[in-house]
Amino acid sequence: MTDVMTQRLTMPPFEYAPRPYEGPSREEVLSLRRRHVHPAVFTLYRDPLMIVEGQMQYVFDETGRRYLDMFAGIATVSCGHCHPEVVRRVQEQTATLQHSSTIYLHPNLALMARALAAKMPSGLDVTYFVNSGSEANDLAVTMARLFTGHTDVIALRNAYHGGSPSSVALTSHHTWKFPVQAQPGVHHALCPDPALSPFSGTAEEVGSQSAGDIRDLIRFSTPGKIAAFIAEPIQGVGGVTRGAPNYFREAYAVAREYGGLCIADEVQTGFGRTGAHYWGFQNYGVTPDIVTMAKGIGNGVPLAAVTTRREIADSLTGRIHFNTFGGNPVSLAAGLAVLDVIDRDGLQENARKVGTRLVRGLRRLQERHPLVGGVRGLGLMLGLELVTDRATRAPATTQTLALLEAAREMGVLLGKGGLEGNVLRIKPPLCITEEDADFAIDVLDRGLARV
Ligand SMILES: Cc1ncc(COP(=O)(O)O)c(C=O)c1O
């Protein structure tokens, strides 16, 4: 990283030639999008980037320019863009049977449910497949309410659990909430991350006090019984925030004391992304009652799931529940391939190894650049918090945007998050190499010196 300001930054070599792009021009696409696509559908960069091809950890624009994808379609491309094994199995299934629905038997549904059970702690062995993380969380909360007979749900401040009418009620950022009536019965406990907490002390003390806040919330704002406590093991959209490991243990104990089920939202943290473990909750030594999954489970194919125990699943059998595309054979062909590839290619271990190297690099950036207020996360779920003043942690929102743009100019795609938009989110495909990580750090180093 030493002469990074003077040398030309070169992306690691990659033996792949993108196909010549022959579709409509970027300007045409932009103009069509402006005219006909719903205005709520937004793009990330000031000058929107068009991506037309992807291969493993890289994507290509319409001119054939290669970018290192450090955001993975928002933490979704787990194995790598167009991973050959996932492509092969999806193509095969598409050519064989695209859709039948769950009213008929198909092997993929049964095999994928068994494969997920094999990855879970014992007892969590029954799965319902849906299409998105929002749907998975809707279903998890519905089952918790039916099973417990209680309605109140505790979520965390700074959480993101989706945009559907009921999952947006769990989400806790005013920026994602429209001024329309949200589903009632959701209460938000304090975020246990020391960076966002009103409590002081060590991270463990903040964790314990935050778990105590759940108890207060239940006693003061609910009938004294709850249906569920739902939390992301690491908050993703919220800017890669989390409590100390004792937090989850204590929070789960409080929730259970008041009759609640514990739901782990593994939409971002699942499938090896945190490196040390396959599931995010395993980093804290807890076992949830319900696990929701999406994003990385399909490597970009729409697929999501809710896994729980038999007796909790049974609560949903009192009425008809059906999902047309849930359990689609093509999505599940992708899911089955993803599970195999994560194990076969050693992607969880790679997330740990490259994640460790990235964290080291990010910490060096923190030493060199006063703008860097914090380095957060685990494995390949990392965040770089930018502040204008380290003492007050005043958010460097404008500089974060500028750094995002500068990195893109140098060929690295990143995300941003946090309520104040001052956290760079680093969540690449799990197949990224150490050379890629070093390149990304050099790009950030140069970008930070510029903004
Ligand atoms: C933790 C978490 N849960 C749920 C969701 C919602 O998933 P989807 O956009 O597939 O509905 C997201 C999406 O970003 C998420 O990050």
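What comes next concerns the included structure. (Residues numbered from 1 in each chain as written. Predicted model: local features only at pLDDT ≥ 70, side-chain atom pairs only at ≥ 80, totals over all residues. Heavy atoms only, no water.)

### Concerning the overall build of the chain
A tally of regular secondary structure across the chain gives 13 helices and 16 strands. The C-alpha atoms of the chain give 22 Å as radius of gyration, which agrees with the globular expectation for 451 residues (22 Å, within 12%). With respect to the three principal axes, the spread of C-alpha positions in the chain is 65 × 60 × 45 Å. Here the chain holds 451 residues, and the buried ones make up 56% of them. Of all intrachain contacts in the chain linking residues separated by at least 6 positions in sequence, the fraction that spans at least 24 positions is 73%. Of the roughly 19500 Å² that the chain leaves accessible, carbon and sulfur atoms contribute 54%. Taking the average location of the 44 positive side-chain charges in the chain and that of its 45 negative ones, the two points are 1 Å from each other. (Helix = DSSP H or I, 4+ residues; strand = E, 2+ residues; numbered from the N terminus. Rg over C-alpha atoms; globule rule 2.2 N^0.38 Å. Buried < 20%, exposed > 50% of the residue type's maximum accessible area, 1.4 Å probe, protein only. Contact = heavy atoms within 4.5 Å. Areas by Shrake-Rupley, 256 points an atom, 1.4 Å probe, with all protein chains shown as cover. Lys, Arg positive; Asp, Glu negative; His and termini not counted. Charge placed at Lys NZ, Arg CZ, Asp CG, Glu CD.)

### Section: the pattern of salt bridges
Counted by the stated rule, this structure contains 21 salt bridges. Of the charged contacts, one joins R309 and D289 as a salt bridge, the two residues approaching to 2.7 Å between their closest N and O atoms. Placement of R309 in the loop between β10 (304-308) and α9 (310-313) and of D289 in the loop between β8 (261-265) and β9 (290-293) is noted, with a sequence separation of 20 residues between them. In the salt-bridge network here, residues are joined through shared partners; they are E85, R88, R89, E92, D340, R344 and D345. (Salt bridge = Lys/Arg side-chain N within 4 Å of Asp/Glu carboxyl O.)

### Remarks on the pairing of strand β11 (residues 372-378)
β11 sits mainly inside the fold: five of its seven residues count as buried. Both β11 and strand β12 (residues 381-389) contribute to a ladder of six bridges, which runs antiparallel. Bridge pairing in β12 places L378 opposite M381. Adjacent in sequence and paired antiparallel, β11 and β12 are bridged by two residues, among which G379 carries a positive phi angle near 55 degrees. (Pairing = 2+ DSSP bridges.)

### Describing the layout of surface pockets
Regions of empty space are outlined by a rolling probe, equal in size to a water molecule, passed over the atoms. Roughly 1400 Å³ of internal volume is contained in the largest pocket. Around the largest pocket sit 50 residues that line it, and F42, F71, I74, W176 and R425 are the ones nearest its centre. Elements with a minimum of two residues in the lining of the largest pocket: α2 (72-75), α5 (133-148) and β15 (415-417). (1 Å grid on protein atoms, 1.4 Å probe; cavity = no way out; pocket = protein on both sides within 12 Å on 5 of 7 lines; lining within 4 Å. Points joined across faces, edges and corners; volume = space filled by probe spheres on them.)

### Concerning the site of the ligand
In the vicinity of the ligand, the contacting residues are S132, G133, S134, N137, Y160, H161, G162, E232, D265, V267, Q268 and K295. In the environment of the ligand, an oxygen atom lies 2.9 Å from a nitrogen or oxygen atom belonging to the backbone of G133. For the ligand, an oxygen atom lies 3.2 Å from a polar atom in the side chain of K295. Look at the ligand: alone it shows 390 Å² of surface, and the protein chains cover 84% of it. Applying the majority rule of atoms within 2 Å of the grid points places the ligand in the largest pocket. Here the element with the most residues in the shell around the ligand is α5; it accounts for three residues. Within the shell around the ligand, the residues separate by chemical class into two nonpolar, seven polar and three charged. (Near = heavy atom within 4 Å. Polar contact = N/O pair within 3.5 Å; in protein donor to acceptor, adjacent residues only side chain to side chain. Sits in = over half its atoms within 2 Å of the grid points. Nonpolar A, V, L, I, M, F, W, Y, C, P; charged D, E, K, R; others polar.)

### A look at helix α11 (residues 347-368)
Between its first and last C-alpha atoms α11 spans 31 Å; for 22 residues at 1.5 Å apiece the expected length is 32 Å, and the two agree. Within α11 the residues assigned to the buried category are L347, N350, A351, V354, G355, L358, V359, G361, L362, L365 and Q366. Tucked inside the fold, the buried residues of α11 contact α10 (329-344), β11, β12, β16 (423-426) and α13 (434-450). (Expected span 1.5 Å × (residues − 1).)

### Things to note about the packing of helix α12 (residues 397-409) against α13
Relative orientation and spacing of two packed helices are given, respectively, by the angle between their axes and the distance between those axes. Between α12 and α13, whose axes approach to 9 Å, the crossing angle comes to 130 degrees. Judged by the inter-axis angle, α12 sits oblique to α13. Helix-helix and strand crossings are classified by hand; for α12 and α13 the assignment is right-handed. Residues L403, A406, A407 and E409 of α12 form the contact with α13, whose own contacting residues are V443, L444, G447, L448 and R450. (Axes fitted to C-alpha atoms, helices over the stretch in contact; angles between N-to-C directions. Parallel < 35°, antiparallel > 145°, perpendicular 65-115°, else oblique. Left-handed = near helix turned anticlockwise from the far one by under 90°.)

### Details of the nonpolar core
One finds L116 and F229 to be the most contacted residues of the largest nonpolar core, which totals 96 residues. For this core, the leading source of residues is α10, giving nine residues. With near-sequence residues (within four places) excluded, F229 lies in contact with I154, L156, I214, Y247, A251, Y252, A255, L261, C262 and I263. (Core = buried A, V, L, I, M, F, W, Y, C linked by side-chain atoms within 4.5 Å.)

### Some words on the side chain of T274
Among the secondary structure elements, T274 is positioned in the loop between β8 and β9. Apart from the residues within four sequence positions on either side, T274 is in contact with I234, T269, W279, G280, N283, L378 and G379.

### Looking at the sheet that holds strand β7 (residues 228-231)
Two modes of strand pairing occur in sheets, parallel and antiparallel, and in both the strands are linked by backbone hydrogen bonds. Read across the sheet, seven strands follow the order β4-β10-β9-β8-β7-β5-β6 without closing on themselves; strand pairing throughout is mixed. The sheet is open, and its two borders are formed by β4 (126-130) and β6 (186-189), each paired with just one other strand. Neighbour-to-neighbour, the strand axes of the sheet open up by a mean angle of 20 degrees, direction not taken into account. Of the strands in this sheet, β5 (153-156), β6 and β7 touch helix α7 (residues 203-221), which is tilted by about 150 degrees from β6.

### Digging into the sheet that holds strand β1 (residues 51-55)
Ordered by their spatial adjacency, four strands build an open sheet running β1-β2-β3-β14, and the pairing between neighbours is mixed. Single-partner strands in this sheet number two, and they are β1 and β14 (412-413). In the sheet, strand β2 (residues 58-61) pairs with strand β3 (residues 66-69) via three bridges, with the strands oriented antiparallel. If you follow F60 over to β3, its bridge partner there is R66.

Any functional reading would require information that these geometric values do not contain.
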